[in-house]
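# Overview (structure and organization)
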Amino acid sequence: MCIDGKYEEVIEEIRRLRQLEDELLEIHTDILRYQALVNEYWVSKETDGVNDLIDRLCGQIRWITDELYSVGHDMIRAYEELPKE
């Protein structure tokens, strides 16, 4: 396979990573909306625990999203460092 074909494969993988990032960010936003509703309509001592769990979940989603972004950049750098045929 020629370099251009490999480059297209890398670009396609990066597109998939970006799509996953977008989906995770959408989930993150939905969770924050849910959290706001919980805080507005469910007043009890349990809401503190629910909020803690939601905050941890959102933190994990942000971490995964950041990792996906980094992987995409690493893929580009690795490809650019490959010897050209």
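Predicted model only: the values in this text are computed from it and were never measured.

About the cut-offs
Residues numbered from 1 in each chain as written. Predicted model: local features only at pLDDT ≥ 70, side-chain atom pairs only at ≥ 80, totals over all residues. Heavy atoms only, no water. Helix = DSSP H or I, 4+ residues; strand = E, 2+ residues; numbered from the N terminus. Rg over C-alpha atoms; globule rule 2.2 N^0.38 Å. Buried < 20%, exposed > 50% of the residue type's maximum accessible area, 1.4 Å probe, protein only. Contact = heavy atoms within 4.5 Å. Areas by Shrake-Rupley, 256 points an atom, 1.4 Å probe, with all protein chains shown as cover. Lys, Arg positive; Asp, Glu negative; His and termini not counted. Charge placed at Lys NZ, Arg CZ, Asp CG, Glu CD. Core = buried A, V, L, I, M, F, W, Y, C linked by side-chain atoms within 4.5 Å. Expected span 1.5 Å × (residues − 1).

## Here we look at the overall build of the protein
Each helix and strand in the protein was counted, giving two helices and zero strands. Its C-alpha radius of gyration of 19 Å places the protein more than 25% over the 12 Å reference for a compact globule of 85 residues. Across its three principal axes, the protein shows a C-alpha extent of roughly 65 × 15 × 10 Å. When burial is assessed residue by residue, the protein has 24% of its 85 residues classed as buried. Taking the intrachain contacts of the protein between residues at least 6 apart in sequence as the baseline, contacts between residues at least 24 apart amount to 80%. Surface accessibility of the protein: about 6,500 Å² in total, with carbon and sulfur atoms responsible for 57%. In the protein, which carries 10 positive and 21 negative side-chain charges, the distance between the mean positions of the two groups comes to 1 Å.

## Some words on the nonpolar core
In terms of nonpolar packing, the biggest core is built from seven residues, these being Leu-17, Leu-24, Ile-31, Ile-54, Cys-58, Ile-61 and Leu-68. For this core, the secondary-structure elements that each account for two or more residues are α1 (3-41) and α2 (46-81). With four residues, α2 is the single largest residue contributor to this core.

## A closer look at α2
Taking 1.5 Å as the rise per residue, α2 with 36 residues should run 52 Å; its terminal C-alpha atoms sit 53 Å apart, in good agreement. Thr-47, Asn-51, Ile-54, Cys-58, Ile-61, Thr-65, Leu-68, Gly-72 and Tyr-79 are the residues of α2 that are buried.

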